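# Residue-level structural notes
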Amino acid sequence: SVFDCTVSFIHFDHSSSSFTGYLVETSHKPSSSTDTQGLWFDRCTFASQGYNLYSAKGLNLDQSTIISVIGCKFLGLLRPIDGQNSAGGSYSNVVTVFKCQFYDNVGYPINYPGQQWTVQDCNMQASHDGAARVCFSVNAAPFISLKFVNCSAYDATAAGTSLFNLGTGSGLSIEGGLYGGRSDLGTSTFIATTGAITGASCRTAKP
């Protein structure tokens, strides 16, 4: 657990052909009841580009609050950002992901968001399989207040996928941005849900 810490201009990678863990994990130890709070990642790079491409996961923000990820790059990862534990019963609250770039990753850039997540001005280039993806929350605890502002996910070469694949939640807001694929390769779903989502809105950017 850490409190009020800033990490700037650090390149996180690994040099093991068998590494499959997270590059950064904020979960507190079982013997501690103190959350990680006020952690900033400023223009860092999280990558799995060397010995075992697509094996590592990026950030695990389970059991943490007030996290900011600003101007960072996520490259060649299995999952770039994870929030609350995918089995449910956990939390990851007040998270801001701002002006980040996601390129050539496997799966979704944003996974298992908790409460009050804002993803703004981020660019999600096509995943390793060529699909455009943004957020995944199925099989996690319900999200509350999940906002995407002026993000982009496009130029996909794979069809039959969902940009947003969401489970139960409330307060979904998608404002502005550019989302799409290639119609000549078939269609993809903008939002797929496996549970009820209340209080959802999708609109163009504010003037």
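Refer to the structure printed above.
Quick caveat, the model's predicted, so the values are computed rather than measured. (Residues numbered from 1 in each chain as written. Predicted model: local features only at pLDDT ≥ 70, side-chain atom pairs only at ≥ 80, totals over all residues. Heavy atoms only, no water.)

### Regarding the side chain of serine 127
As a reminder, the rule being used: Numbered from the N terminus, helices here are DSSP runs of H or I no shorter than four residues, and strands are runs of E no shorter than two. Exposure categories follow from relative accessible area, calculated using a 1.4 Å probe and restricted to protein chains: below 20% of the type maximum is buried, above 50% is exposed, and the middle band is partly exposed.
In this structure, serine 127 sits in the loop between strand S14 (123–124) and strand S15 (135–136). Classification of serine 127 as buried rests on a relative accessible area of 8%.

### Here we look at unusual backbone geometry
For aspartate 104, which is not glycine, the phi torsion reads 55° and is therefore positive. Assignment of secondary structure puts aspartate 104 in the loop between strand S11 (101–103) and strand S12 (110–111). Positive phi values are uncommon outside glycine, yet serine 145 reaches one of about 60°. Looking at where serine 145 falls in the secondary structure, it is placed in strand S16 (residues 143–149).

### Quick notes on the nonpolar core
The condition that has to hold: Within this scheme, the nonpolar core is defined by two criteria: the residues are buried Ala, Val, Leu, Ile, Met, Phe, Trp, Tyr or Cys, and they are joined through side-chain atoms within 4.5 Å. Residues count as neighbours in contact if any of their non-hydrogen atoms are within 4.5 Å of one another.
Judged by nonpolar contacts, the single largest core of 41 residues is most densely connected at Phe46, Phe74, Val97, Ile110 and Phe148. Residue assignment for this core shows that the elements contributing at least two residues are strand S3 (22–25), strand S4 (36–42), strand S7 (64–70), strand S10 (93–98), strand S13 (115–120), S16, strand S18 (162–166) and strand S19 (169–175). Discounting chain neighbours no more than four positions away, the residues touching phenylalanine 74 are Phe46, Leu59, Val69, Pro80, Ile81, Cys100, Gln101, Phe102, Tyr103 and Asn105. Residues Tyr108, Tyr112, Phe136 and Val138 belong to the second largest nonpolar core, which totals five residues.

### Focus on the pattern of salt bridges
This is how the line gets drawn: Salt bridge, as applied in this entry: a Lys or Arg side-chain nitrogen positioned within 4 Å of an Asp or Glu carboxyl oxygen.
Applying the stated criterion to the full structure yields four salt bridges. Here arginine 133 and aspartate 129 are joined by a salt bridge, their closest N and O atoms 3.0 Å apart. According to the relative accessible area criterion, arginine 133 is buried, its value standing at 12%.

### Details of the packing of aromatic side chains
Threshold: In summary, the pairing rule links any two rings of Phe, Tyr or Trp, Trp by its six-membered ring, whose centres are within 6.5 Å, and it sorts them by plane angle into stacked for under 30 degrees, edge-to-face for over 60 and tilted for everything else.
Tallying each qualifying case throughout the model produces ten aromatic pairs. On the numbers, 5.0 Å between centres and 5° between planes, the contact of phenylalanine 12 with phenylalanine 46 is stacked. Taken as a pair, phenylalanine 12 in strand S2 (residues 11–12) and phenylalanine 46 in strand S5 (residues 45–47) lie far apart in primary sequence, 34 residues in all. Taking the relative accessible area as the measure of exposure, phenylalanine 12 reaches 18% and is therefore buried.

### Quick word on the pairing of S13
Selection rule: Being paired, for any two strands, means DSSP has found at least two bridges between them.
Two elements, S10 and S13, share four bridges in a ladder whose sense is parallel. Bridging across to S13, phenylalanine 98 finds its partner in glutamine 120. The pairing of S13 with S16 spans five bridges and is classified as parallel. Residue pairing in the sheet places glutamine 115 in a bridge with isoleucine 144 of S16.

### Remarks on the environment of alanine 158
Summarising the element assignment, alanine 158 is placed in the loop between strand S17 (152–153) and S18. C-alpha separation for the pair alanine 158 and leucine 78, spaced 80 residues apart in sequence, amounts to 18 Å.

### Comments concerning the sheet that holds S18
Taken in spatial order, the seven strands line up as S3-S6-S9-S12-S15-S18-S21 in an open sheet, and their pairing is parallel. Two strands close off the open sheet at either side, each with one partner strand: S3 and strand S21 (189–193). Sheet topology note: the S18/S21 ladder contains four bridges and is parallel. Bridging across to S21, serine 162 finds its partner in threonine 189.

### Things to note about the side chain of aspartate 42
Position of aspartate 42 among the secondary structure elements: in strand S4. A relative accessible area of 16% places aspartate 42 in the buried class. For aspartate 42, the residues in contact, after removing those within four places along its chain, are Val7, Ser8, Phe9, Ile70 and Cys72.

### Some thoughts on the environment of isoleucine 70
Relative to the elements of secondary structure, isoleucine 70 occurs in strand S7. Each C-alpha atom of the pair isoleucine 70 and serine 8 lies 9.6 Å from the other, and the pair is 62 residues apart in sequence. Ignoring anything within four residues of it in the chain, the contact list for isoleucine 70 reads Trp40, Phe41, Asp42, Arg43, Phe98 and Cys100.

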